[in-house]
Amino acid sequence: MFKKLVYNTHGKKKIYMSLKAGIVGLPNVGKSTLFNAITNSHVEAANYPFATINPNTGIVNVPDDRLEFLSNIFKPKKTIYATCEFFDIAGLVKGASKGEGLGNQFLANIRQCDAIVEVVRCFENSDIIHVENTIDSVRDADIINLELCLADLQTIINRISKIETKAKIAKDKLSLYELDLTKKIKENLEKGIPLRCADLTSEEKEFIDKNYFLLTNKPLLYVANVSEDDLLNLSNNDNYNRLVEYAKSQKSDVISISCQIESELSELTSEEKTEYLSSLNLKESGLDRLIKATYRLLNLSTFFTVGEDECRAWTFINGMKANQCAGIIHTDFMKGFIRAEVYTYDDIFKYKSETAIKEAGRLRSEGKDYCPKDGDIMFFRFNV
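All values reported here derive from a predicted model rather than from experimental measurement.

Each value, and the rule that gives it
- Residues numbered from 1 in each chain as written.
- Predicted model: local features only at pLDDT ≥ 70, side-chain atom pairs only at ≥ 80, totals over all residues.
- Heavy atoms only, no water.
- Helix = DSSP H or I, 4+ residues; strand = E, 2+ residues; numbered from the N terminus.
- Buried < 20%, exposed > 50% of the residue type's maximum accessible area, 1.4 Å probe, protein only.
- Salt bridge = Lys/Arg side-chain N within 4 Å of Asp/Glu carboxyl O.
- Axes fitted to C-alpha atoms, helices over the stretch in contact; angles between N-to-C directions.
- Parallel < 35°, antiparallel > 145°, perpendicular 65-115°, else oblique.
- Contact = heavy atoms within 4.5 Å.
- Nonpolar A, V, L, I, M, F, W, Y, C, P; charged D, E, K, R; others polar.
- Core = buried A, V, L, I, M, F, W, Y, C linked by side-chain atoms within 4.5 Å.
- Phe/Tyr/Trp six-rings, centres within 6.5 Å; stacked < 30°, edge-to-face > 60°.
- Pairing = 2+ DSSP bridges.
- Expected span 1.5 Å × (residues − 1).

This part covers unusual backbone geometry. In terms of backbone geometry, most residues other than glycine have negative phi values and most peptide bonds are trans. With a phi close to 55 degrees, Lys251 is a non-glycine residue in the positive phi region. Tracing the backbone through its elements, the reader meets Lys251 in the loop between helix H8 (238-249) and strand E9 (253-257). Accessibility expressed as a relative area gives 58% for Lys251, which makes it exposed. For Lys352, which is not glycine, the phi dihedral falls at a positive 75 degrees. In this fold, Lys352 is placed in the loop between helix H14 (345-351) and helix H15 (354-359). For Lys352, a relative accessible area of 43% gives the class partly exposed.

Take a look at the structure:
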């Protein structure tokens, strides 16, 4: 699902882990302001609907204090962080599934994303237009949920019309199975139930993942855009608290962010950011929390490779085997995999050097069936 095959300048194949998150929401809820902040770019963020027409993309480093520590230990020539790719997608309105507003573009652009980050406005400001004229977080979230359900419903109806005749006439086992499943999907979508919330078996979920590109099957994270004052006291924000309860019913999480604060942070130096966050009694920025939440949403973790040339963070899906993780670096590593030499970040933090780790007996040799853990430092032995 997250593998993307590309070629380097020597024609050698590499497999990269692709993390693409689409930032969506109604017009004027803070999507483009957030995008500007997290990518430190300057796409248009105007106070009127559809200021964003084409999806803006930005790649940001995944902040990781562990990689900074490793770089201080090994003093590499390069330090390379894992990255996230964010898409700022045009605002959606009622009727988008039927082409209203920029609906068709919205729906096409979101299909290429692995996860959906939905920004919901939870602040009052009479100077900023709301497309529905009032602030109501649950109503706004429900509008997008319904439009995505309707878009998926049309996809499934089209699929049913293609397989129904074959299933009934040929009595093909696979076609009959698919027909039953698509009808089950249709029933859920007609009730406004996104597929991530539907009562499906593991076999049905696997079939859907492999065969359909349905929007409501994508993992979703809500970002409550709150004011600076409410960020420090969320219990006073009724729209935020109602959104949290709504998200639970959608099997999704909510993180609170002040897009205005993130915009201000993006203009500061590292030292100024630390000082500003401290003045607000915040331990980390909204961007840091957003990326970490997106990682959890997609069941992702990080392993590291270290040395004098480079220290690097690599993203992998939890449950991948050691040889598959080797393939993230280069397909030759997976083809000729022999073993992985592994130690934990906690051990390098404690012992401060690889020599000390070896002397303490903490360096392990693992085979291809080993499932790496978040924070593993790995060296792959291979032969091709």
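Scanning the model with the defined rule gives 19 salt bridges in all. Put simply, Asp369 and Lys321 hold a salt bridge, and the shortest N to O gap is 3.9 Å. Of this pair, Asp369 sits in the loop between strand E13 (364-366) and strand E14 (376-382) while Lys321 sits in the loop between strand E11 (310-317) and helix H12 (322-329), and the two are 48 residues apart along the sequence. Look at Asp369 and you get exposed, because its relative accessible area is 56%. Counted as one network, the salt bridges with shared partners bring together Asp64, Arg66 and Asp374.

Before going further, it helps to examine the packing of helix H4 (residues 137-170) against H8. Packing of H4 against H8 leaves a shortest axis separation of 8 Å and a crossing angle of 40 degrees. Regarding the angle of H4 to H8, the classification is oblique. Facing H4, whose interface residues are Ser137, Val138, Ala141, Asp142 and Asn145, H8 presents Asn239, Arg242, Leu243 and Tyr246. When the residues that make up the contact of H4 with H8 are grouped by side-chain class, the tally is 4 nonpolar, 3 polar and 2 charged.

What follows covers the nonpolar core. Ranked by internal contacts, the top residues of the largest apolar core, which has 72 residues, are Phe86, Tyr222, Leu243, Leu290 and Ile348. Here the element with the most residues in this core is H4; it accounts for 6 residues. The residues touching Leu290, leaving out its near neighbours within four places in the chain, are Leu34, Ile38, Phe86, Val117, Leu221, Val223, Ile255 and Ile257. By size, the runner-up hydrophobic cluster in this structure holds 17 residues, among which are Cys149, Ile156, Leu179 and Leu189.

In this structure, Glu228 sits in helix H7 (residues 228-231). Expressed as a C-alpha distance, the spacing of Glu228 and Cys259, which sit 31 residues apart in the sequence, is 8.9 Å. If we skip the residues at most four places from it in the chain, Glu228 touches Ser258, Ile261, Tyr276 and Leu280.

Turning to the packing of aromatic side chains, a few remarks are in order. Summed over all chains, the structure comprises 11 aromatic pairs. Seen from their ring centres, Phe69 and Tyr345 are 5.8 Å apart, and the 80 degrees between their planes marks the pair as edge-to-face. Taken as a pair, Phe69 in helix H2 (residues 65-74) and Tyr345 in helix H14 lie far apart in primary sequence, 276 residues in all. Like Tyr345, Phe69 is buried.

Moving on, we come to the sheet that holds strand E3 (residues 20-24). Reading across the sheet, the 6 strands line up as E4-E6-E3-E7-E8-E9 and stay open at both edges, with mixed pairing between neighbours. Because the sheet does not close on itself, it has two edges, and the strands there are strand E4 (56-61) and E9. Pairs of neighbouring strands in the sheet enclose a mean axial angle of 25 degrees, with direction left out of account. Summarising the sheet, strand E7 (residues 115-121) and strand E8 (residues 220-225) pair through 6 bridges and their orientation is parallel. Bridge pairing links Ile116 to Leu220 in E8. Those strands touched by helix H11 (residues 286-297) are E3, E4, strand E6 (83-88), E7, E8 and E9, and its axis lies near 170 degrees from that of E9.

For H11, which comprises 12 residues, the first-to-last C-alpha distance of 16 Å matches the rise-based estimate of 16 Å (1.5 Å per residue) to within 8%. All of the buried residues along H11 are Gly286, Leu287, Asp288, Leu290, Ile291, Ala293, Thr294 and Tyr295. Of the residues trailing H11, Asn299 is marked for its positive phi of about 60 degrees.

This part covers the environment of Glu132. Here Glu132 is to be found in the loop between E7 and H4. Using a relative accessible area of 23% as the deciding quantity, one classes Glu132 as partly exposed. For the pair Glu132 and Leu26, spaced 106 residues apart in sequence, the C-alpha separation works out to 9.1 Å.

Burial within strand E10 (residues 300-305) is extensive, with 6 of its 6 residues counted as buried. Burial of E10 is two-sided: the residues Leu300, Thr302 and Phe304 facing one way and the residues Ser301, Phe303 and Thr305 facing the other way are all buried. Across 6 bridges, E10 lies against E11 in antiparallel orientation. Bridge pairing links Phe304 to Ala313 in E11.

The subject of this paragraph is the side chain of Ser301. You can see Ser301 is positioned in strand E10. By relative accessible area, Ser301 is classed as buried at 7%.

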